[in-house]
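Understanding the architecture of this molecule
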Amino acid sequence: MPPLATTPTARIAPSARAMLADEIARADGREVSFVADVENGVVVAARAVARGTVDMVLALPGVAARGQMCLHNHPGGSLEPSQADLSVAAQLHDGGVGFGIIDNRAEALYVVVEVPRARETVRLDPYEIVATLGEHGPIAGVLGQYEDRQSQRDMAAYIADGYNDGGVLVLEAGTGVGKSFAYLVPALAWARANGERTVISTNTINLQEQLVGKDLPMLRKALSTPDYTPSFALLKGWRNYLCLARLSHAMGAQQSLLEPDRQAELVGLAEWANRTSDGTLSDLAVHPSSEVWDEVSAEADLCTRLQCPHFDKCFLFRARRKAAEADVVVVNHHLLAADLAVRQVQDNWEEAAVLPPYKRLVLDEAHHVEDVAANHLGTQVTSRGVHRLLGRFERNKKGLAPSLMHELPGRGDLLSRASLDLLRERLLPAIGDARRAADQLFLRLHGRLEEAAGGQLRLTDEFSEDAVWAEGLRLELDALLGSFDQLKGHVETISDRLSQVESTERGDQLLQEMRAVVRRLEATSDGLNRTLRPGPAGQPLVRWMERTGPRRQQVLLAAVPLDLAPLLRDLLFERIETVILTSATLAASGDFEFLERRLGLATPPSPVTTREIFPSPFDYPSQCLFGVPDDLPDPRDDEAAHDAAVAQVVTDLAHAADGGLFALFTSHAALRRVASQLRGMLDPRWPLLVQGEGARDALLRRFRDAGNAILLGTDSFWEGVDVPGRALRALVLCKLPFKVPSEPLTAARLERLVEQGEDGFMSYLLPHAALKLKQGFGRLIRSSQDVGVVVLLDRRVVTKRYGPLVLSGLPRADRIIAPWARIRTRCEDFFARHGIGALE
């Protein structure tokens, strides 16, 4: 190795050299690792990523991107690479990252491996992708049978072109197309050819489980070769994972943290932690109470990351490391939106955030993206959340404050004794003040909501003049915000004092808890201000409050951006090279205009390069009968009569099909009314399952197992529910699923459309209802062997001018529009023809 240069090397720019040397000096000359940007072989910028041994860099998922260089200093001055350096360099080089060693003054640089030259992009051959899915391809060989799906192969070819050329592809795939294989095969081919991952985001757990538990393992078996094995990972939100550090702290302080009846739960979790494979809630047979899980779940603002003594065993970072190395990373829309929100705040579009960096994205169930993004790019405060936050301080003599009361007396130093005095004299009284102020505030808001229609109130500019302010809301809000400021100040003082004394693992955990509580106090204060009295500047917001929770005793405050389209275009569609949007329902009345406008894809120049509808391969005319009775009461004109008609139709179909029926409603109130009537009408041999009287998954399991049950459901059963086979053979859609126009977010969007000179009903309410109806219809026929009847009990599709638009988007089933008596006879004939019928 050449001797150290006596003058600074030209391979480090002066500004970068100053930064490197300053960070090393702040670490007292100890080892620091950096990620550097390199231009023409010169380090032009760098940031510190870890302090300690160099292999810590590899523990950080997605810490460096292709084309960057990792640097670290050797405190002793020698730049000779150690065996650990060589091992790290080899692994980084495989990921397209260079590696070098510097001295403490950053004047000498020894490059162990140069930044690998950017490899040329290898284009996918659409014909090879099609052949992979074809009759003689490897997938058919593994399946042991081949089912011809021309639509699937066509879709895969379009997606291959999307990977090659970039852009946004909007692809509707009818039920049975097999869209997951259509996008997974090109994604894995691209990863093999170019070493670049794809993130796949879904809305439902069912689809995630299908991808990770069934489709991807099968494709790994089919597509593995001696030089390539497809890899994939499932990544969940932080709170899904058990935190070993918080578990250790909770076990040591369980007497002060939890009630006696919850301590057994904690012990059970500790035993489970020793045998679980992934450390997530889904691996638990019985979910713990929220009080216990709140104390042990992973939280981003509590995590010490590399400083954590449990880091090597951490379930969350193990999952993130696996994701950083995977060809395909499966997430949900909520996690994707959280990643976008973090990247927006940090202005970080190249490195890891919530997710590892990515340039290729598949949005399955893409019709949900707008609503999920609204939640994450906005603000929510709930009365339950505020009480949980204050409960973190103290709840029945358990919590953070009692833990500090237990910890501080044993330290004996002056700062700890002063902190104990502050805790007793100031912090504990401030907790009581905040709790009283919160109770008064939310009692006031709940009372105001009792006067509002539907227990929901939109907060427009006029709300600042509402009488509720003079009645006490102004004083109560000021009191709560003032209490939060006091709590924040006291906790920061204690935290600063503890950070100056000798640390212990439990002390470090308490410090993290206190700092996290401060951040949450700040976020809650900001949320209260943004919802109840926002400032004059900033982007237009839709603000509202509503009663939620059991018996609607909780209060929710929300504020979300009104114009999500430009945000989504800026944060997502103009930053990702290839985005595939797919679902069984993207086109309303045959085109994608509604979806594209809502997601910011319609404004010229549109980034959309491909728009295609791939039809279902199912033979709907022979597999499905679709009836629309034209003699039933209009649900808007006579609610009671319509309820009675629904109950009668469900009863008639139960006799015709021997149960095996879904009835889907658009409101819980209507569901409960009809359920009450059916209890006195149905034969006991048909189990009646009612949403709200059991968990969703448990109801579905009972429905499948029974084979002749009748299930009444609302919104969550209109999609994401898969019951193939004879268990589901009749579907009743009780009403067109229009959004409620007075619902705050819907009302604001309608007003914006009117301001733009558009008809809100035709351009928003109707296409949304058409898509939702298509989703509901899709619950019935799930395979080429399924047969059944769909009945829509809303004659507006016959009497209103918009009816043909709604009906045109539905599958081409054998259709009958007639009085219910005629349709009932056709249904009985249909079931008899297929060997289905009641046993009288």
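Cut-offs and rules
- Residues numbered from 1 in each chain as written.
- Predicted model: local features only at pLDDT ≥ 70, side-chain atom pairs only at ≥ 80, totals over all residues.
- Heavy atoms only, no water.
- Helix = DSSP H or I, 4+ residues; strand = E, 2+ residues; numbered from the N terminus.
- Rg over C-alpha atoms; globule rule 2.2 N^0.38 Å.
- Buried < 20%, exposed > 50% of the residue type's maximum accessible area, 1.4 Å probe, protein only.
- Contact = heavy atoms within 4.5 Å.
- Pairing = 2+ DSSP bridges.
- Axes fitted to C-alpha atoms, helices over the stretch in contact; angles between N-to-C directions.
- Right-handed = clockwise from strand over helix to strand, strands pointing away.
- Phe/Tyr/Trp six-rings, centres within 6.5 Å; stacked < 30°, edge-to-face > 60°.
- Lys NZ or Arg CZ within 6 Å of the ring centre and 35° of its normal.

A count of helices and strands for the chain gives 31 helices and 23 strands. For 840 residues, the compact-globule estimate of 2.2 N^0.38 gives 28 Å, and the C-alpha radius of gyration of the chain, at 30 Å, lies within 12% of that figure. Across its three principal directions, the C-alpha atoms of the chain cover 95 × 70 × 55 Å. Burial statistics for the chain: of 840 residues in total, 54% are counted as buried. Put simply, of all contacts in the chain between residues at least 6 apart along the chain, 76% involve residues at least 24 apart.

So, about the sheet that holds strand β12 (residues 456-458). With respect to topology, four strands assemble into an open sheet ordered β11-β14-β13-β12, the strand pairing being antiparallel. Bordering the open sheet on either side are β11 (379-382) and β12, each of which pairs with just one other strand. Between one strand axis and the next, the sheet turns through 15° on average, direction left out of account. Two strands pair when backbone bridges link them, and β11 and strand β14 (residues 554-561) are joined in this way by four bridges, in the antiparallel orientation. Across the sheet, the residue bridging to Q380 is A558, located in β14. Running at roughly 70° to β11, helix α16 (residues 383-393) makes contact with β11 and β14 of the sheet.

Checked against the element boundaries, L445 lands in helix α18 (residues 414-450). Classification of L445 as buried rests on a relative accessible area of 0%. C-alpha separation for the pair L445 and I613, spaced 168 residues apart in sequence, amounts to 47 Å. Sequence-distant contacts of L445, defined by excluding residues within four places in its chain, comprise L473, L532, M545, V555 and L557.

What follows is about the sheet that holds strand β17 (residues 624-629). A sheet is described by the order of its strands in space; here seven strands give the open sequence β19-β20-β18-β21-β22-β17-β23, paired in parallel fashion. Whereas interior strands pair on both sides, the edge strands pair on one side only; in this sheet they are β19 (688-690) and β23 (814-818). Averaged over all pairs of adjacent strands, the angle between strand axes in this sheet comes to 15°, irrespective of strand direction. As defined by bridge partners, β17 adjoins strand β22 (residues 788-792) across four bridges and the pair is classed as parallel. Across the sheet, the residue bridging to F626 is V790, located in β22. Helix-sheet contacts for helix α26 (residues 696-706) involve β18 (661-664), β19 and β20 (710-713), and the interaxial angle to β19 is about 160°.

Moving on, we come to the pairing of strand β3 (residues 69-73). Counting buried positions along β3 yields five of five residues, so the element is predominantly enclosed. Residue alternation in β3 divides its side chains into two sets, M69, L71 and N73 and C70 and H72, and both sets are buried. Relative to β3, strand β1 (residues 32-39) runs antiparallel, the two sharing four bridges. Bridge pairing in β3 links S33 to H72. In this region the chain leaves β3, passes through helix α3 (residues 83-94) and returns to the parallel neighbour strand β4 (residues 98-102); the handedness of that crossover is right-handed.

All right, on to the packing of aromatic side chains then. Within the structure shown, the criterion is met by 14 aromatic pairs. Each ring, one from F738 and one from F761, has its centre 5.5 Å from the other, and the planes form 35°; the classification is tilted. Highlighted residues: F738 in the loop between β21 (730-733) and α27 (744-755) and F761 in helix α28 (residues 760-777), separated in sequence by 23 residues. Here the aromatic rings of F830 and F831 are separated by 5.8 Å at their centres, their planes lie at 80°, and the arrangement is edge-to-face. Accessibility expressed as a relative area gives 3% for F830, which makes it buried. According to the relative accessible area criterion, F831 is buried, its value standing at 0%. Every member of this aromatic cluster is reached through a ring pair, and the members are W238, F311 and F317. Lying across the ring of W349, R575 places its NZ or CZ 3.9 Å from the centre. The ring of F717 has R696 sitting right over it, with the charged end atom 5.6 Å from the ring centre.

Let us now look at unusual backbone geometry. Residue P605 is bonded to the preceding P604 through a cis peptide linkage, with omega at -10°. Within the secondary structure, P605 sits in the loop between α22 (593-599) and β16 (608-614). Phi angles above zero are rare outside glycine, and N40 is one such case at about 55°. Residue placement: N40 occurs in the loop between β1 and β2 (42-51).

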